[in-house]
Structure formats: C-alpha cells, structure tokens
2 protein chains.
Amino acid sequence: MISKRPLILDTDIGADRSPEYFAEHLERPVLSLNDADETVFARAPYLLTWRPRPGTFDKFQALEVIFSLGAGVDGLMRTDPPQHIPIVRFVDPDMTQLMADWVCHQCLNHLRDQSQYASWQADRHWGNKQQQPMASEVRVGVMGLGELGSFAARRLAAMGFDVAGWSRSMKQLDGIKTYDQNGLDTFLGRTDMVVGLLPLTAQTQGLYDRSFFSKLNPDGALGGPIFINGGRGKSQVEADIIACLKDGTLKSVSLDVFEEEPLHENSPLWGFDHIYLTPHSSAVSRDSGLVRHLSEQLQRYESGLPLQHLVERDRGY
Amino acid sequence: MISKRPLILDTDIGADRSPEYFAEHLERPVLSLNDADETVFARAPYLLTWRPRPGTFDKFQALEVIFSLGAGVDGLMRTDPPQHIPIVRFVDPDMTQLMADWVCHQCLNHLRDQSQYASWQADRHWGNKQQQPMASEVRVGVMGLGELGSFAARRLAAMGFDVAGWSRSMKQLDGIKTYDQNGLDTFLGRTDMVVGLLPLTAQTQGLYDRSFFSKLNPDGALGGPIFINGGRGKSQVEADIIACLKDGTLKSVSLDVFEEEPLHENSPLWGFDHIYLTPHSSAVSRDSGLVRHLSEQLQRYESGLPLQHLVERDRGY
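Residues numbered from 1 in each chain as written. Chains lettered and ligands numbered in written order. Predicted model: local features only at pLDDT ≥ 70, side-chain atom pairs only at ≥ 80, totals over all residues. Heavy atoms only, no water.

Here we look at the pattern of salt bridges
Okay, step 1: By the definition in use, this model includes 26 salt bridges over all chains.
Okay, step 2: The partner of B:Arg5 in a salt bridge is B:Glu64, and the shortest N-O contact between them spans 2.9 Å. Of this pair, B:Arg5 sits in the segment before β1 (7-9) while B:Glu64 sits in the loop between β3 (46-49) and β4 (65-68), placing them 59 residues apart in sequence.
Okay, step 3: Taking relative accessible area as the criterion, B:Arg5 reaches 33% and is therefore assigned partly exposed.
Okay, step 4: Across the pair B:Asp162 and B:Arg190 runs a salt bridge whose closest N-O atoms are separated by 3.2 Å. Placement of B:Asp162 in strand β7 (residues 162-166) and of B:Arg190 in the loop between α7 (184-189) and β9 (193-196) is noted, with a sequence separation of 28 residues between them.
Okay, step 5: Under the relative-accessibility criterion, B:Asp162 is labelled partly exposed at 34%.
Okay, step 6: The buried category is assigned to B:Arg190, whose relative accessible area is 15%.
Okay, step 7: Salt bridges linked by common partners bring A:Asp92, A:Asp94 and A:Arg292 together as one network. (Salt bridge = Lys/Arg side-chain N within 4 Å of Asp/Glu carboxyl O. Helix = DSSP H or I, 4+ residues; strand = E, 2+ residues; numbered from the N terminus. Buried < 20%, exposed > 50% of the residue type's maximum accessible area, 1.4 Å probe, protein only.)

Okay, structure coming up:
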C-alpha cells in the first residue's frame, strides 16, 4: 500500500476533507500541500487542486496529472498549469444529478411563483388562486450541453417543459431541439427561461449581459424572460442583471454563482424579493464521489489506460 | 344551435366563468342557476356544479347528467345527488399536469431546503454550502394512483426520486413499486416523503393523523419525515400535524388543502416558517380545459356513446 505513488492535496479545497480520509480510501500516501517538502515535490506525480495559488505548479518537479476538484477549471487555468501535464476534470454522476435537481427546482420556483406564495404565507394571507401555466407551456433553453447540461435538459423535458439546448458546436440530444453558435439569436428568441451551464472561457466571460437578455422571448407564459445561472459567475454582468430586473427586460432570475463570491452584502441583488439566490451550492461535490472518481482515474492511469474527462487546452475546458 | 339542450351552471363555481363564455364555446344555451325558473327546471338535462347547496337537485325535473367541476366530488356527494343520475368527474390533462408540477415543486422545495435559502437571502447572508441529498436518495411515496397520482408518481420517478405508490386496490405502474391496503404499513415504513392525492371518502377522512405520521421512515436522507397533501383537507388532522411538527415526528409539510378553507388566520400552521402552504391552488381548473371536457362528454352522450370519468357511487369517487 505504502509503495503506491502519493497524491498531494492543495489547501483551500474544503475544510471537511482531510488527507487521512483520502489516504484511507485511495489506499496510497496523501499529503497536504502545506505539509509537503522538497523531497515530496521531487517525486509527487499527482495533485488535486481547485483554485491553486500562483506558483503552485512551480514547486513540483515530477508532476504527471492534475486533478481538478470541479467540472469547471477556469480557476485552475488562471495559474497557468504546465502545458504538457494533463488536467482531469471532476465529472461525477452525483454532481450531475445535484445540478439537475437545482435547475429543476429553480425552473419550478419560477413556474409556480414560489416567492409570491411564500410572501402570502408569511403574511398569514390566503392568496388568490391563480391560473398558473403548465410546464409544457414554458420554453426552457439550456446553454451548455456537456455532462451537466445535457442531463439537466433531459430532466427538464421529462418534467414536461418545452426544452431546447444550445452549445458552441452542434450537439444532438434525443427529442430535444438543439442550436449552435450560428443559431444563438433564434435559440434566445424562442426561450422564455434560459438556464446557463456554460464553462467560463474567453468566449463566455460577460456573455449574459443586456444585449443577451434583450434577445429572450418577452411574450412567454410566465410574463417575461427568466435567467437562471448554475454555471460561472463571471459569465454574467450583474450591473446589467440589476438594471434589466428594474426595467422589466428580465422578470426574474435564479443565481447560484456571482462575479465575486461570496456575494457582497451591499449587492443590490439581495434587494429583489422575487428572485432566487443560492450560495454556489447547486452541486456541492461529495467526498464519496470524489474518492470514487480519483480512484478510478488513478487506476486507469497506472494500468496504462487513457485518462478520462481531460481538459482540452485550446478550448479551455 | 338554439335547438341544443341547455346546460345549467351552478353558482359559486368561480367568478371568472360567465354563462356567455360557456354558451359560445359549447354552442348551446347556458343559464346560471340563479337565473333559471320553473320552465327551465322542467326541461334542463345538464347541470355543472361543484359544491351544490342543499336542495339544488330537488329543483330539477328532467336532470340527466351532473357534471362536477373537479376531479374530487366529496362536496357534491354531501348534497345527496339522486342515485339514478350519472355524475361525470372533470378529469383534465391540464389539471393532471398542473398537479404534477405542484407535487414536483414541493418535493424539490424539501429536497433543496428552499425555506433555508430564502431565509439566508432575506438576511443578505451567504449561507454555508450544504452537502444536499440527491433526488435518488429520497424515497417518495404517492398515495392515490388514479389519473393525478399515477401521473405525478411517474413524473417524480423521471426526476430521479425513489418512488413507490399506494392505492386501496392494487395498481400496476411501470417501474414503480406499488402497495395496496394490506401493504400500508410497509409502504409508510419505506417512505421519507409521502404525497397524498387521495379522494375524500369515509375511509380517507382523518387518515393523515399522528398514528399515520409515526409510521413514516424517520431515518431518511432529509432528516425526518415529510408530509405533502394535494388531495383533500378533511383527510388530514391539523391538530396532529401541528403537534408532530413541534415534536419532530414530522420534519416539514407542504399543504395545499385544509380542514376548513380558507385556512383561518389564527391557525398555528401559519407560524411554522419551514413549511410550505398554498391556497388550494395546486391544480386550478381552466375554462379552456373545462369547455373541452364538457364539449366532449356532451357530444358522446348525445350521440349515444357512454359517458367517461363516471363516479362510482359505492366507492364515493
């Protein structure tokens, strides 16, 4: 067991994750980055990290694989990981399902006007029955059709929503109409409720702005466009979201991610009582799933099989 | 057109429904009960009603079919409709879907702890990320497997919940484990979150009481049993619900129906901030669907075909 090659855990990946836990489940030495010294850096082949501090990669002399704690690697890419070292994203069935649960919940919050009912309840008020739209009358558009997006799109379709999908390059999804880069305006024009599950890249930075929101269908069954972001905060322009909520370009939003996290207590977003904010909790990775993923990929790598879920450097995710 | 036989609309079926609207869409004379006189009662064959006042049926001398405004007919049955006159329930695909939307939304409110996040948001507080259970880790039990219940059960399963169903007599649902009267305790014992969609009958009056809640699984992924009622208020014992919420026998509830409606402003139920109350709005019938249903059944009846969705008098629904 001790002869197996060690894994280094970066700091800042979550207080509840101890090296001992990983060592036990991965059956190999696991050291915290803070505890490692020159002799460890000289031979450690594996690093698990999330948003590494500048210079992290310079310490390693024998790094072979970088494991990302999340599916998104924008935080990792900012520290310029060496080009020749493969980066494995954490694509976990648990996280895929958790994200779909969050997306479906948010879509239903808007469909069923959760904040209105909660407000009546808080006021001990028996509100008026409303003729509410059905899921089938609401056109949801999912942006990003990777593991998370395609699974969420299928779930939304199974719940009865009228779903379409968008991705930069064309993807096929059974029973779901899809669009690519060239069809973006058409896709937005048919969409009442847009769900962002895109990675953060040069192309998606600041993508969700006034121009984008203005292209959504203003005449849908919910009475105005809805924006839901479970992807990356820096893809959204919060000043535009706030202005569009005020002038009605957007009816409401659900945001799990923000330009800066945690969201500053003075952000005007907190002041809207008919929107839904969650603290980057849509799909919190679980130690059990992470251990399963690491174990599987390490086993593949050490037995000569190709690694999975590799980041493509040129597209940035 | 005027030669077609008239439909009488009972009062109290909703202010937005005018006789003119129905007359236009059903292409036959439609009169309000209040506006009818002896000559009308002497020949009117059809009545659309919801909770008729005592004596309503005595006025009619030539009644042939009673149409219920809802799928549930307990309010109608209390006025003792004549035994020989068929009663047609309003079973509408729209209402079936609306109820499934409400059920799925409530299940996700509990799964994703909506009230906790709303509370943090109201306090401008960036809450802790929680490791939340996935839908697949939560065992939902649907009681009542008629049109509404079987559709909702399939939707919940499509969303990933671990679903079982219960009905008085055994029903088969593809891919969903079902139980009948004899399996009630086993069904409740495996259930973390129970969804009531039962009609109100002598057997279901007061069914959801402390004894019932005590049989639910206390060790589920949500940390305690959840009760969701989209069926009938008189099936629940609200004093027991309140006591069980206080002592932890129930972790939370979602209620759309109540023993007395509207729910009295002094009800202690308003005082729980981690439960979900909606004002009997889970599946509000729509005029368009009602007209489609009435039109179809009148056409069947007048062309000699059997009526559908008939109430069975001996079972009461």
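Let us keep going from here.
Some words on the sheet that holds strand β6 (residues 139-143) of chain A
Residue and element names in this part refer to chain A.
Okay, step 1: Read from one edge of the open sheet, 7 strands run β8-β7-β6-β9-β10-β11-β12, paired in parallel fashion. Each edge of the open sheet is held by one strand with a lone partner, namely β8 (177-179) and β12 (276-277).
Okay, step 2: Bridge count between strand β11 (residues 252-255) and β12: 2 bridges; the pairing is parallel. Looking across to β12, one finds that Ser254 is bridged to Tyr276. (Pairing = 2+ DSSP bridges.)

Some words on the sheet that holds strand β10 (residues 226-229) of chain B
Residues and elements named next belong to chain B.
Okay, step 1: Strand order in the open sheet made by the 7 strands is β8-β7-β6-β9-β10-β11-β12, with parallel pairing throughout. Each of the sheet's edge strands pairs with one partner strand only, and the pair in question is β8 (177-179) and β12 (276-277).
Okay, step 2: Across 4 bridges, the pairing between strand β6 (residues 139-143) and β9 is parallel. Among the inter-strand pairings, Val140 is bridged to a residue of β9, identified as Met193.

Some thoughts on the interface of chain B and chain A
Okay, step 1: With 56 residues of chain B in contact, the opposing surface of chain A contributes 56 residues.
Okay, step 2: Buried surface at the junction of chain B and chain A, summed over both partners, amounts to about 4,800 Å²; 56% is from carbon and sulfur atoms.
Okay, step 3: When the buried area of chain B at its contact with chain A is split by residue, B:Gln121, B:Arg124 and B:Trp126 rank highest and sum to 18% of it.
Okay, step 4: The tally of links from chain B across to chain A stands at 2 salt bridges.
Okay, step 5: Note that B:Arg286 and A:Glu137 form a salt bridge whose closest N and O atoms lie 2.9 Å from each other.
Okay, step 6: Seen at the junction of chain B and chain A, the total is 32 residue pairs in polar contact (both at pLDDT 80 or more).
Okay, step 7: Listing elements by their share of the side of chain B that touches chain A, those giving two or more residues are α4 (93-111), α5 (114-122), α6 (147-158) and β12 of chain B.
Okay, step 8: Here the side of chain B that touches chain A gets 10 residues from one element, more than from any other, and that element is α4(B).
Okay, step 9: In terms of residue class, the side of chain B that touches chain A is built from 23 nonpolar, 20 polar and 13 charged. (Contact = heavy atoms within 4.5 Å. Buried area = accessible area lost by both parts, 1.4 Å probe. Polar contact = N/O pair within 3.5 Å; in protein donor to acceptor, adjacent residues only side chain to side chain. Nonpolar A, V, L, I, M, F, W, Y, C, P; charged D, E, K, R; others polar.)

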